[in-house]
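Survey of secondary and tertiary structure
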Amino acid sequence: MYYSVIGLLAVLVLLIVNQDILLDPKVSYNKPAWKVYRRFLFAVLVYYITDILWGIIDSKKLSTALFIDTTIYFVAMAVGIAFWAQYTVAYLDENNRFGYFLIFAGNTFAGVITCLVILNIFFPVLFVVDKNCVYHDLTVRDISLVCQIILLITISVYCIYSMIRFPKVQEIRSRFRILASFGIIMAVCLLIQLFYPLLPIYSIAYMLGTCMLHSFVASEEKEEIRRGREETKKITELKNRFISIIDNMPGMTFTKDAKTGVYLACNQAFAEYAQKKNSDGVIGLTDADLFDAETAALFVKDDKIALSLSKPYVYFEDVPDAAGNQKQIQTTKIKYRDTEGRLCILGMGQDVTDMIRIQHEQAMTQEAYEKAVSSGLMYTNIAQTLARDYMDLYYVNADTEEYIQYRKGDEDETISEVRRGWHFFSDCKMELSEKVFVDDRDAFLSAMKRKTLMNALEQKDTFVMTYRQIGNNGPFYVSMKISRMQDNNYIILGIENVDDEVRETLAIQGREAFLSDKGDELLSSINNIVELNKKALKDEKMDDETRNYLENIEENSKKLVDIINDFHEKNWIL
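Just so it is clear, the model here is predicted, and its values are computed rather than measured.

What the rule picks out here adds up to 24 aromatic pairs. When the centroid spacing of 3.8 Å and the interplanar angle of 15° are considered together, the rings of Phe98 and Tyr158 count as stacked. On the criterion of sequence distance, the pair formed by Phe98 in helix 5 (residues 97-122) and Tyr158 in helix 6 (residues 139-165) is long-range, its members being 60 residues apart. With a relative accessible area of 18%, Phe98 lands in the buried category. Residue classification places Tyr158 among the buried positions, given a relative accessible area of 13%. Ring pairs connect the aromatic residues Tyr47, Tyr48, Trp54, Phe67, Tyr73, Phe74, Phe127 and Tyr135, which therefore count as one cluster.

Below is the structure:
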């Protein structure tokens, strides 16, 4: 009976400590790892019950009942090991060879023990219970315990190795440390159980291990869920505040994803302008979904201009309101990045119809207004036109090496900001060099040394270099033009595709060199003819008719030589 007290205590501790997991599986334990852990706890509970009954039956000397209880005892022990191996893999998220091996080893052990238990009913291999109700363990039982010890030590060693492998990741180290401790405790207790089979050491090991797991692991999970709920609550509150703020802002306000053009939020005024009941009817849609094709295209064009500027883009436009009345709207668009690093556009439209109407009563004010608007659009268009020739454009602070990269879109000629960064002459330069054709890379890196480049710009405000860049269809020629601004702290670097022009120039030069070589060859041949003709004329026995022919050949050859020399002197191509 005293034997059963340990098992009863272990059951009470298990039910008290893990009652939330056992009785209410929906309480934050919906992860795969915790579903396996719950099954493991039930296997441990069955094991405890068989251990309690074992002490009671042994005291009553019921041999058959003791044999049946011990049989169930071994099955519960085997199933517990299998579930523990599965939980270890799921909790550590070890989807690798070791994880597959661990699950295979646990399932194999459970299957073998179950088969041995069935075999033991007919041919004793694990244990026997004699007529006096005395339990005797056999060799195979000891081997099964040794296999469990080896499996638990293997898990502990792997966990300790993983702790060394991830020294700075505290969360990962904590998980490995907990499982390594559990494995060591179980292995030590099983070793003692091996030599003292009639002591409830296995129950004590399970009790210590499950308490430790709940204290460290389950508590951490609950704390994580609690923090998650608090963060969700804060996010909801912030979202409601944000919606309240933009709803109470004057005029129309909206924000959209710069890449996809999808509206992320808007106030009621903009929803009414888009002819929707509320903001829910706008969020998730694009300009093409909300407006006609011409209006949508105009909005997209304005977005691209806003993205290309480093300051807010402010402009005026005439738009109809929800009732169809023409209104004068001052629109401000500015780019920003949200907390996820996503590039977005914030837009604000203010109705300035009455203010414009008052200003328009005075011709001078009207002219000044129209001139200001025209000038703003003119400067914007000039900036876009200057950038149109470049594939990539960099605006660099020569002192701090801070830079802004712009790139031309694939579908149109509009150039927009790609990113901002630091260390242009180190990190960004090396990044650019990776795109340079290998034969031109050394020259490129040499030219792009900060000291070399700045000295070149001191002598001349512009530095130009042509090199080959790696493309999908092979290397192509680009021209890199670097200009120093009036403020010496800043430079502009543009990269332009000049492959067609360079290849055409190289082709012309090749033809010129080829034709020049042929002209020299022709001149040499004619001179040879002249020399041979002179030798032939020295023959005194030659008849008059032949001499006349040779003299004509000599005369015409000299004319050809004079013509060719004249071409060369005037740098013409023959």
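Note: strand 3 (residues 252-257) against strand 7 (residues 343-351), 6 bridges, orientation antiparallel. Looking across to strand 7, one finds that Thr255 is bridged to Leu346. Taking the residues that link successive antiparallel strands as the turn, the strand 6 (residues 326-337)-strand 7 hairpin has 5 residues, and the phi of Gly341 there is positive, at about 80°.

The residue Lys61 is not glycine, and still its phi comes out positive at about 60°. Checked against the element boundaries, Lys61 lands in the loop between helix 3 (32-60) and helix 4 (63-92). Although it is not a glycine, Gln275 adopts a positive phi angle of roughly 60°. Along the chain, Gln275 turns up in the loop between helix 9 (268-273) and helix 10 (287-290).

Here we take up helix 15 (residues 438-447). Considered for burial, the residues of helix 15 that qualify are Asp440, Phe444 and Ala447. Looking straight down helix 15, one finds its buried side chains confined to an arc of 60°; they lie on one side. Relative to its buried face, helix 15 has exposed residues pointing more than 90 degrees away, namely Val438 and Asp442. Along its buried surface, helix 15 packs onto helix 14 (424-433), helix 16 (450-459), strand 11 (462-469) and strand 12 (476-484).

Before going further, it helps to examine the environment of Arg547. Tracing the chain through its elements places Arg547 in helix 18 (residues 544-569). Looking at Arg547, the relative accessible area reads 22%, which means it is partly exposed. When the C-alpha positions of Arg547 and Asn533 are compared, they lie 9.9 Å apart, and in sequence the two are 14 residues distant. Apart from the residues within four sequence positions on either side, Arg547 is in contact with Leu537, Asp539, Glu540 and Met542.

Attention now goes to the side chain of Thr255. On the secondary structure map, Thr255 appears in strand 3. At 2.6 Å, the side chain of Thr255 and the side chain of Tyr336 are in polar contact. In this structure, Thr255 is in contact with Tyr263, Leu264, Ala265, Tyr336, Cys344, Ile345 and Leu346, ignoring residues within four places of it in sequence.

Okay, the packing of helix 14 against helix 15 next. Packed helices, taken two at a time, are described by the angle their axes make and the gap between the axes. Two numbers describe how helix 14 lies on helix 15: the axes approach to 10 Å, and their chain directions differ by 160°. It follows from the interaxial angle that helix 14 and helix 15 lie roughly antiparallel. In this structure, helix 14 crosses over helix 15, and the sense of that crossing is right-handed. Contacts from Lys429, Met430, Leu432 and Ser433 of helix 14 reach helix 15 at Arg441, Phe444 and Leu445.

Looking now at the confidence of the model for the chain. Chain-level statistics for the chain give a pLDDT mean of 77 and a share of 79% at 70 or above. Per-residue pLDDT stays below 50 along residues 358-366; that stretch engages in 4 contacts with residues further than four places along the chain or on separate chains. The low-confidence segment residues 372-383, where pLDDT is below 50, has 4 contacts with residues more than four positions distant or belonging to other chains.

What follows covers the environment of Lys481. Structurally, Lys481 is set in strand 12. For Lys481, a relative accessible area of 35% puts it in the partly exposed group. Once the C-alpha coordinates of Lys481 and Leu393 are considered, the two residues, 88 residues apart in sequence, prove to be 9.7 Å apart. Setting aside residues no more than four positions away along its own chain, Lys481 makes contact with Tyr390, Thr462, Phe463, Val464, Ile492, Leu493 and Gly494.

This part covers the nonpolar core. Formed by 70 residues in total, the largest nonpolar core has its most connected members in Phe40, Tyr48, Phe74, Tyr87 and Tyr202. Here the element with the most residues in this core is helix 4; it accounts for 15 residues. Setting aside residues up to four positions removed in sequence, Phe40 forms contacts with Gly80, Phe83, Trp84, Phe182, Tyr206 and Thr210. Ranked by size, the runner-up nonpolar core spans 25 residues in total, among them Met465, Tyr467, Val478 and Ile495.

Conventions and cut-offs
Residues numbered from 1 in each chain as written. Predicted model: local features only at pLDDT ≥ 70, side-chain atom pairs only at ≥ 80, totals over all residues. Heavy atoms only, no water. Phe/Tyr/Trp six-rings, centres within 6.5 Å; stacked < 30°, edge-to-face > 60°. Helix = DSSP H or I, 4+ residues; strand = E, 2+ residues; numbered from the N terminus. Buried < 20%, exposed > 50% of the residue type's maximum accessible area, 1.4 Å probe, protein only. Pairing = 2+ DSSP bridges. Arc of directions from axis to C-beta. Contact = heavy atoms within 4.5 Å. Polar contact = N/O pair within 3.5 Å; in protein donor to acceptor, adjacent residues only side chain to side chain. Axes fitted to C-alpha atoms, helices over the stretch in contact; angles between N-to-C directions. Parallel < 35°, antiparallel > 145°, perpendicular 65-115°, else oblique. Left-handed = near helix turned anticlockwise from the far one by under 90°. pLDDT = per-residue confidence, 0-100. Core = buried A, V, L, I, M, F, W, Y, C linked by side-chain atoms within 4.5 Å.

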